[in-house]
Amino acid sequence: MPPVFSFHLRYDDNTHETATSQRQGEVEDTIGRIYQRFVEPGSMAHGGTIDDSRYRLLRAKHEQFVRDALHGLSSGFVVLDASQPWLAFWTLNSLSILGSEISAALRRRALDTVRRFQVAGGGFAGGDRQLPHLAGSFAAVMALVLIGGRDAYAAIDRMAMHRWLMTMKRPDGSFEMHAGGEVDVRGIYCALVVASLLNIMTPELVAGSAEFIARCQTCEGGIGPFPGVEAHGGYTVCGLAALEILGRSDVLDLGRLARWLSARQLAFEGGFNG
């Protein structure tokens, strides 16, 4: 059954206009003009039936875009100098999702590239001669998993990784993203994904992490970056996923969380806000 769209489900600010409600109105105006092009003629009396049968993911073009990126990026990507493991992960993961072949030559190139980011003391940096970072370590390990094979897994110094993760661990159960860096729920998620994939989960590594995430749940039900801060979709994903890895989602009020998540969907455009 084709989706039904209504131009009447606009955001209601209850006559208390704010900068946020103004911006939301602008977004809905823009989206409404786009949606209007797809609404079947004569269907507006029934809310507006959208005909999207002609539109499909352009798989071949997406794959070509990714493969082109593997041969070099424009100078504008210099801003991602500290995110080089992410570039490897994003491109390899895109090919994997598209069901595209990862050739032996690409596999060797990717392995040689990611291996260079590993720091002698443990963890992976975002680029050459940089500090090891939890986000970079997450992306590097995920890229190596996508590369696969005994040589890719052997490239990871698992014991050094565990020692380094323990230096990022704080007494309250949280993790620094890097030495002296920011502390939020992302750190717990990145650390636990890495530890679970590498089979280096230990009681001392996970001690207090579930309780820290529980303290990040707000009165609304979502999860913020750290206790006492507004909830956000990104941190909620990280917090809930980390608790699932630990098998400790019971520490949350899941009913409140479900209500908060439901409220994130916007009626007019159908998407979700943070």
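Now for a look at the structure at hand. From a predicted model like this one, the values you see are computed outputs, not experimental measurements.

Each value, and the rule that gives it
- Residues numbered from 1 in each chain as written.
- Predicted model: local features only at pLDDT ≥ 70, side-chain atom pairs only at ≥ 80, totals over all residues.
- Heavy atoms only, no water.
- Core = buried A, V, L, I, M, F, W, Y, C linked by side-chain atoms within 4.5 Å.
- Buried < 20%, exposed > 50% of the residue type's maximum accessible area, 1.4 Å probe, protein only.
- Helix = DSSP H or I, 4+ residues; strand = E, 2+ residues; numbered from the N terminus.
- Contact = heavy atoms within 4.5 Å.
- Patch = residues over 30% accessible without salt bridge, like charges linked within 9 Å, V, L, I, M, F, W, Y side chains within 5 Å.
- Areas by Shrake-Rupley, 256 points an atom, 1.4 Å probe, with all protein chains shown as cover.
- Salt bridge = Lys/Arg side-chain N within 4 Å of Asp/Glu carboxyl O.
- Phe/Tyr/Trp six-rings, centres within 6.5 Å; stacked < 30°, edge-to-face > 60°.
- Axes fitted to C-alpha atoms, helices over the stretch in contact; angles between N-to-C directions.
- Parallel < 35°, antiparallel > 145°, perpendicular 65-115°, else oblique.
- Left-handed = near helix turned anticlockwise from the far one by under 90°.
- Nonpolar A, V, L, I, M, F, W, Y, C, P; charged D, E, K, R; others polar.

### Considerations on the nonpolar core
Counting residues in each nonpolar core, the largest one holds 52 residues, and the members touching the most others are Phe124, Leu134, Leu144, Met161 and Leu165. Elements with a contribution of two residues or more to this core: helix H3 (84-97), helix H4 (104-115), helix H5 (134-147), helix H7 (158-168), helix H8 (185-197), helix H10 (209-216) and helix H11 (233-246). Here this core gets nine residues from one element, more than from any other, and that element is H5. Leave out the neighbours within four places in its chain, and Leu144 touches Leu111, Val114, Phe124, Ala152, Tyr153 and Ile156.

### Let's talk about a nonpolar patch on the surface
Residues Val145, Tyr153 and Leu197 make up a contiguous nonpolar surface patch of roughly 270 Å² in combined accessible area. Along the chain, the position of Val145 falls in helix H5. Val145 gets classed as partly exposed once you look at its relative accessible area, which sits at 37%.

### Observations regarding the packing of aromatic side chains
Applying the stated criterion across every chain yields a total of five aromatic pairs. Ring centres of Phe138 and Tyr189 lie 5.6 Å apart, and the angle between their planes is 40°; this geometry places the pair in the tilted category. Taken as a pair, Phe138 in helix H5 and Tyr189 in helix H8 lie far apart in primary sequence, 51 residues in all. Owing to a relative accessible area of 7%, Phe138 belongs among the buried residues under this scheme. Feature note: the residues Trp86, Phe89, Trp90, Phe138 and Tyr189 constitute an aromatic cluster, connected by ring pairs.

### So, the packing of H10 against H11
The description of two packed helices rests on the angle between their axes and on the distance between the axes. Two elements in contact, H10 and H11, have axes separated by 10 Å at closest approach and are oriented at 150°. For the element pair H10 / H11, the angle class is roughly antiparallel. In the crossing of H10 with H11, the sense of the turn from one axis to the other is left-handed. Note on element contacts: H11 touches H10 through Gly239, Ala242, Leu243 and Leu246, opposite Ser209, Ala210 and Ile213.

### Considering the side chain of His162
Mapped onto the secondary structure, His162 falls in helix H7. On the basis of relative accessibility, which here comes to 14%, the residue His162 falls in the buried class. Those residues in contact with His162, other than ones at most four positions away along the chain, are Ile200, Thr202, Glu204 and Leu205.

### Brief notes about unusual backbone geometry
One non-glycine residue, Asn14, lies in the positive phi region at around 55°. Within the element layout of this structure, Asn14 appears in the segment before helix H1 (19-36). Residue classification places Asn14 among the exposed residues on the basis of a relative accessible area of 51%. Of note in the backbone geometry, Thr15 takes a positive phi value of approximately 65° without being a glycine. By the secondary structure assignment, Thr15 is in the segment before H1. The class of Thr15 is exposed, set by a relative accessible area of 74%.

### Let's talk about the packing of H11 against helix H12 (residues 254-263)
Here H11 crosses H12 at 145°, and the two axes come no closer than 12 Å. Considering only the axes of H11 and H12, their crossing is left-handed. Every residue of H12 that contacts H11 at Gly233, Thr236 and Leu240 is listed here: Leu257, Trp260 and Leu261. The residue inventory of the contact of H11 with H12, partitioned by class, reads four nonpolar, two polar and no charged.

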